[in-house]
Amino acid sequence: MKHELSGGLAVVSYAVTALMLVFVLAPLVIVFVISVSDTPLAVFPPRGFTLGWYWKVLGDPGFRGAVGFSLGLALSATLASLALGIPAALVLVRHPFAGQSMAEGVLMSPLVFPTLIMGVALLQFYAMWNMQNSAMNLFFAHILVTLPYVMRTVMASLRQADMTLEEAALTLGANRFRVLWRVTLPQIAPGVAAGALFAFMLSFDNYPISMWLADAKAEPLPIYLIQAMQRIFDPSVAAMASLMTLIGAVAVFVVEKLVGLRRAMSV
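Residues numbered from 1 in each chain as written. Predicted model: local features only at pLDDT ≥ 70, side-chain atom pairs only at ≥ 80, totals over all residues. Heavy atoms only, no water.

## Some points on the overall build of the protein chain
The condition is simple: Under the DSSP-based scheme used, a helix requires at least four consecutive residues in state H or I and a strand at least two consecutive residues in state E, with every element numbered from the N terminus. For the exposure calls, accessible area comes from a 1.4 Å probe over protein chains only, and a residue counts as buried if that area is under 20% of its type's maximum, exposed if over 50%, partly exposed in between. When checking whether two residues touch, look at their non-hydrogen atoms; a contact exists if any pair is within 4.5 Å. Accessible surface area values rest on a Shrake-Rupley calculation with a 1.4 Å probe, where residue burial reflects the displayed protein chains alone.
A tally of regular secondary structure across the protein chain gives twelve helices and zero strands. Listing the helices and strands of the protein chain from first to last along the sequence gives α-α-α-α-α-α-α-α-α-α-α-α. Seen through its C-alpha atoms, the protein chain measures out along the principal axes to roughly 75 × 70 × 30 Å. Residues counted as buried form 37% of the 267 residues belonging to the protein chain. Look at the contacts in the protein chain between residues 6 or more apart in sequence, and 72% of them connect residues 24 or more apart. A total accessible area of about 15,800 Å² is found for the protein chain, and carbon and sulfur atoms account for 71% of it.

So, in structure tokens, the structure goes:
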């Protein structure tokens, strides 16, 4: 009886998992299918098959410029978030101080506030200080929204790390920088990788912040994609969206090869 009950629960579990996978993957599959349709307008189901829309998109200077800008912005914001988030997490976890909870709450506050409201607030702040460099404004804004994700994953890894290994290294004569580089960072590598992945994807695909701060000289890919949809909705728009998905999949693949995706997501 128990065996039959456990078998039934397993079947239900597999069925629910399959339905969730279909729910998540179906929009991506539909977008890809539309992108290979041999018609002048985006239709579903598709008619014919062609990769011509991808060649058209890849040959578009505007699209290439938007991809290059978004990749540069996402990589720079991710590296800056790592440079700021790892030391901040180390201080908050390993060196308690008065007002620690308040400091942590302030640094994590972008997780609470809607990004659309943050975009409006940043636009007003930049206008008040006459900061007109859109690329630099986007860089600072993306750091603001990605930093909490890095800190959160790194802090979780630090709380699970074995401090006795660090104490043993100090006892054996290693200085604190060597302990950090050779002992601490290898232990928290999954948290660092997960934070970097979240930061990169959030920055690369960010629309609410970029909508307020971008201009013609600094145009991220999500803004370019929305503007393309407003001009004409042909399969090239679906091709752009598919290429964005491909870039995200490549980022996940890189994390898997470097530290293992399961390790990175288990923090």
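## Some details on the pattern of salt bridges
Any two side chains of opposite charge can pair, on the condition that their charged atoms come close. Put simply, the rule is: Basic side-chain nitrogens of Lys or Arg form a salt bridge, by our definition, when they fall within 4 Å of a carboxyl oxygen of Asp or Glu.
For the structure on display, the rule yields one salt bridge. One salt bridge connects R94 with E166, and the closest N-O pair in it is separated by 2.8 Å. Remark: E166 occurs in helix α7 (residues 163-171) and R94 occurs in helix α3 (residues 61-94); sequence separation between them is 72 residues. For R94, a relative accessible area of 17% corresponds to the buried category.

## A short note on the side chain of S242
Along the chain, the position of S242 falls in helix α11 (residues 235-258). A relative accessible area of 12% means that S242 is categorised as buried.

## Details of the nonpolar core
Across soluble globular proteins, you tend to see nonpolar side chains buried next to one another. The criterion, for reference: For our purposes a nonpolar core is just a set of buried Ala, Val, Leu, Ile, Met, Phe, Trp, Tyr and Cys residues, chained together by side-chain atoms within 4.5 Å.
The biggest cluster of nonpolar side chains holds 23 residues, and the ones touching the most others in it are V57, F63, F204, L221 and M240. Sorting the residues of this core by element identifies α2 (52-58), α3, α8 (176-204), α10 (221-231) and α11 as the ones contributing at least two each. Counting residues per element, this core draws most heavily on α11, which supplies seven residues. Apart from the residues within four sequence positions on either side, L221 is in contact with F63, A66, V67, S70, F204 and M244. Membership of the second largest hydrophobic core comes to 17 residues, among which are I86, A89, M155 and A196.

## Focus on a nonpolar patch on the surface
Filter applied, for reference: Patch building starts from residues that exceed 30% relative accessible area and form no salt bridge, then joins like charges within 9 Å and nonpolar side chains (Val, Leu, Ile, Met, Phe, Trp, Tyr) within 5 Å.
Together, L21, F23, V24, L25, L28 and V29 give the surface a local cluster of nonpolar side chains, amounting to about 610 Å² of exposed area. Mapping L28 onto the fold places it in helix α1 (residues 2-35). Overall, the relative accessible area of 44% leaves L28 in the partly exposed class.

## Remarks on the packing of aromatic side chains
The description of two aromatic rings rests on the distance between their centres and on the angle between their planes. Our working definition: Side-chain rings of Phe, Tyr and Trp, where Trp is taken by its six-membered ring, are said to pair if the distance between their centres is within 6.5 Å; with planes under 30 degrees apart they count as stacked, over 60 as edge-to-face, and otherwise as tilted.
Scanning all chains against the criterion turns up five aromatic pairs. An angle of 55° between the planes, with centres 6.4 Å apart, marks the rings of F63 and Y224 as tilted. Of this pair, F63 sits in helix α3 while Y224 is found in helix α10, placing the two residues 161 residues apart along the sequence. When sorted by exposure, F63 lands in the same class as Y224, which is buried. On the numbers, 6.4 Å between centres and 50° between planes, the contact of F125 with W129 is tilted. Residue class for F125 comes out partly exposed when judged on its relative accessible area of 38%. In this structure W129 comes out as exposed when scored by relative accessible area, which is 55%. Feature note: the residues F125, Y126 and W129 constitute an aromatic cluster, connected by ring pairs.

## Focus on the packing of α3 against α8
Spelled out, the test is: All axes here are fitted lines through C-alpha atoms, helices being fitted over the stretch that makes contact, and every angle between N-to-C directions spans 0 to 180 degrees. By definition in this entry, angles of less than 35 degrees are roughly parallel, angles greater than 145 are roughly antiparallel, angles of 65 to 115 are roughly perpendicular, and the rest are oblique. Handedness of each helix crossing follows the sense of rotation of the near helix against the far helix: counterclockwise by less than a right angle gives left-handed, clockwise gives right-handed. Here the nonpolar group is Ala, Val, Leu, Ile, Met, Phe, Trp, Tyr, Cys and Pro; Asp, Glu, Lys and Arg are the charged ones; every other residue, Gly included, is treated as polar.
Two elements in contact, α3 and α8, have axes whose closest approach is 9 Å; the angle formed by their N-to-C orientations is 140°. In terms of axis orientation, α3 runs oblique to α8. Our pair here, α3 against α8, has a crossing hand that is right-handed. Together, S70, L71, L73, A74, L75, A77, T78, L82, I86 and L90 of α3 and L180, T184, L185, V192, A196, A199, F200, S203 and F204 of α8 make up the contact between the two elements. By residue class, the composition of the contact of α3 with α8 is 15 nonpolar, four polar and no charged.

## Digging into the environment of V29
Note that V29 resides in helix α1. Judged by its relative accessible area of 47%, V29 falls in the partly exposed class.

## Looking at the environment of A89
Tracing the backbone shows A89 in helix α3. For A89, a relative accessible area of 0% corresponds to the buried category. Filtering out sequence-adjacent residues up to four positions away, A89 remains in contact with M151, V154, M155 and L158.

## Concerning the side chain of S70
Basically, it comes down to this: Each polar contact in these results corresponds to two N or O atoms within 3.5 Å; when the atoms are within protein, one needs to be able to donate a hydrogen and the other to accept it, and residues that are neighboring in sequence are counted only if both atoms are side-chain atoms.
Looking at the secondary structure, you find S70 in helix α3. Residue classification places S70 among the buried positions, given a relative accessible area of 2%. A polar contact is formed between the side chain of S70 and the backbone nitrogen of L221, at a distance of 2.6 Å. Beyond its immediate chain neighbours, meaning those up to four positions away, S70 contacts F204, P220, L221 and P222.

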